[in-house]
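Below are the chains, spelled out letter by letter.
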Amino acid sequence: ITFYSRWVYLKFMSLKISYKNSYPKNKIDNLLLFVDENFDISHLKKYISVNEYAFINDLLKVSDKKSNNVFFDISSKKKIILVSAKKNLKNSDFEGLGAKLYDQIKDIKQSNFIVNSDSIKNTSKNIIGYFLHGMKLKSYIFEKYKSKKKNKRITITVIGKNIPTKADQLKFTAIEEGTFYARDLVSEPGNILHPDEYAKRLNTLKKFGLKINILNEQKMKKLGMNTLLGVGQGSIRGSYLVTMEWKGLKNNSKPLAFVGKGVCFDTGGISLKPAKFMEDMTYDMAGSATVVGLMKSLALKKAKVNAIGVVGLVENMPGWNAQRPGDIVKSYSGKTVEILNTDAEGRLVLADAITYTEKKYKPKFIVDLATLTGAIIVSLGSEYAGLFSNDDKLSNQLIDVGEKTEEKVWRMPLNKNYDKLIDSKNADMQNINYVGGAGSTTAAQFLQRFILNKTPWAHLDIAGMAFSKYGGALNSGGATGYGVRLLNKLVEDYYE
């Protein structure tokens, strides 16, 4: 954020937003005004000319009011846009309205717009902030590797008194930058963002005030992190466990811990995946990207909380030294695992990461995120992440903030009766359920065994949420950054 004398300038991808106290000198810009669900425009007389008011009032008699946004061509250079907003809309609804508007204006000829914040009747805190937040989240594009890039820049000038404070602008900016950073990481191809490069990028986050510690293979071998190391041993790239610490409190209170699966590319290893759609396996590190994006957000907004982010970074390849089905490895926890399928690798990465986090940091809770199972997509599609937990309080908090942010979670069962499906004849456990069924639950049941001290824990299986072929309410397709906003809200509502 760069502060000027009377307004703030924010740049987000193809969208530029500024705040001013009054109309700019150039009044030709398109004008956006808010109305209620009945499109009552009586309160708009003071914001537009008499002729414009009469023109719009007449056309509203025959306009289709089913859409939230109605466009009126005042001239070849100016549009007036009415945004219909009900009185009792939630913050997430306003984000959706902003995102929908961005979708409608991004391809039209005009590129300069004025938003009159005083025209909105809803006086809830930060309504305009959430509206703009939705626009900015929707504006994200990943064009890094295109020789011809979209050069259009949309400029939004917000006038009036009903605008976010500078503190709230900083909060929104921090969440957006964290979400965009997560999307950038997931969008990178596997030949670019391999574990070596990923670890280097994370080291640069020190400039935001995060304490970064990188455990390489040699350090992890000494600690006995053999389930994580086994996944990456077939690749020419290194494997890493990276910790990111944010200390926002002066005291030494227990930190909140977030753990992410960072399989930068997943071929399945010796248990090779089918060729079709394997290119999508660049997003098998989305859980780690969420954790990284969250930690960047917390640092940018200087969150008043102590938090730890831990990510395991590996590449699962069928190389000459790759892990074999039938191998038995000893985890950092001391428990042994029989590898029956090398494509059930994410839980092996998380196993060591979870135990290390619990032992070293003794956190208040642990939330792990992973694109762990295709079975969760069969269960929940792309509407909810699967939530598995040993703690009702933490589960209810996640469900609550999921509804508030529209990054929803659905609690799935854990039960000791599932243990028999992952008990091994040759080791303490096996990494898949060979009987079949309950694939997501048995994976979570496996992870739960690596919580050794009854720490409150939640596992989010985000396989259906991390990547969208066709786009969603707040993203235009591709990496979604799912979880960054969810976990920011968890911290903000319950732990700051």
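Residues numbered from 1 in each chain as written. Predicted model: local features only at pLDDT ≥ 70, side-chain atom pairs only at ≥ 80, totals over all residues. Heavy atoms only, no water.

I'd like a rundown of the sheet that holds strand β14 (residues 336-338), residues and numbers included.
Taken in spatial order, the 3 strands make up an open sheet running β13-β14-β18, and their pairing is mixed. In the strand order of this sheet, the two ends are held by β13 (328-330) and β18 (429-430), each with one partner. Relative to β18, β14 is paired through 2 bridges, and the arrangement is parallel. Within β18, the position partnered with E338 by the bridge is Q430. (Pairing = 2+ DSSP bridges. Helix = DSSP H or I, 4+ residues; strand = E, 2+ residues; numbered from the N terminus.)

Got a sec to walk through unusual backbone geometry? Specific residues and values, please.
Non-glycine residue F39 carries a positive phi angle of around 55°. Tracing the backbone through its elements, the reader meets F39 in the loop between β4 (30-35) and α1 (50-59). One non-glycine residue, K302, lies in the positive phi region at around 50°.

Quick one: what's the story with the side chain of T371, residue by residue and with numbers?
Secondary-structure assignment places T371 in the loop between β15 (365-370) and α10 (375-380). Side chain to side chain, T371 and D284 meet in a polar contact 2.5 Å long. Residues within four places of T371 in sequence aside, it is in contact with K261, Y283, D284, A286, D461, I462, A463 and A466. (Polar contact = N/O pair within 3.5 Å; in protein donor to acceptor, adjacent residues only side chain to side chain. Contact = heavy atoms within 4.5 Å.)

Let's hear about the pattern of salt bridges: which residues, and what values?
Oppositely charged side chains may form a pair once their charged atoms are brought near each other. Applying the stated criterion to the full structure yields 27 salt bridges. Residue E95 pairs with R485 through a salt bridge whose shortest N-O separation is 2.6 Å. Of the two residues, E95 sits in helix α2 (residues 91-105) while R485 sits in helix α13 (residues 484-494), which places them 390 residues apart along the sequence. A salt bridge links K273 to D343; its shortest N-O distance comes to 3.0 Å. Taken together, the positions of K273 in the loop between β11 (256-266) and α8 (286-300) and D343 in the loop between β14 and α9 (346-361) put the pair 70 residues apart, joining distant regions of the chain. The network of salt bridges with common partners includes K171, D400, K404, K489, E492 and D493. (Salt bridge = Lys/Arg side-chain N within 4 Å of Asp/Glu carboxyl O.)

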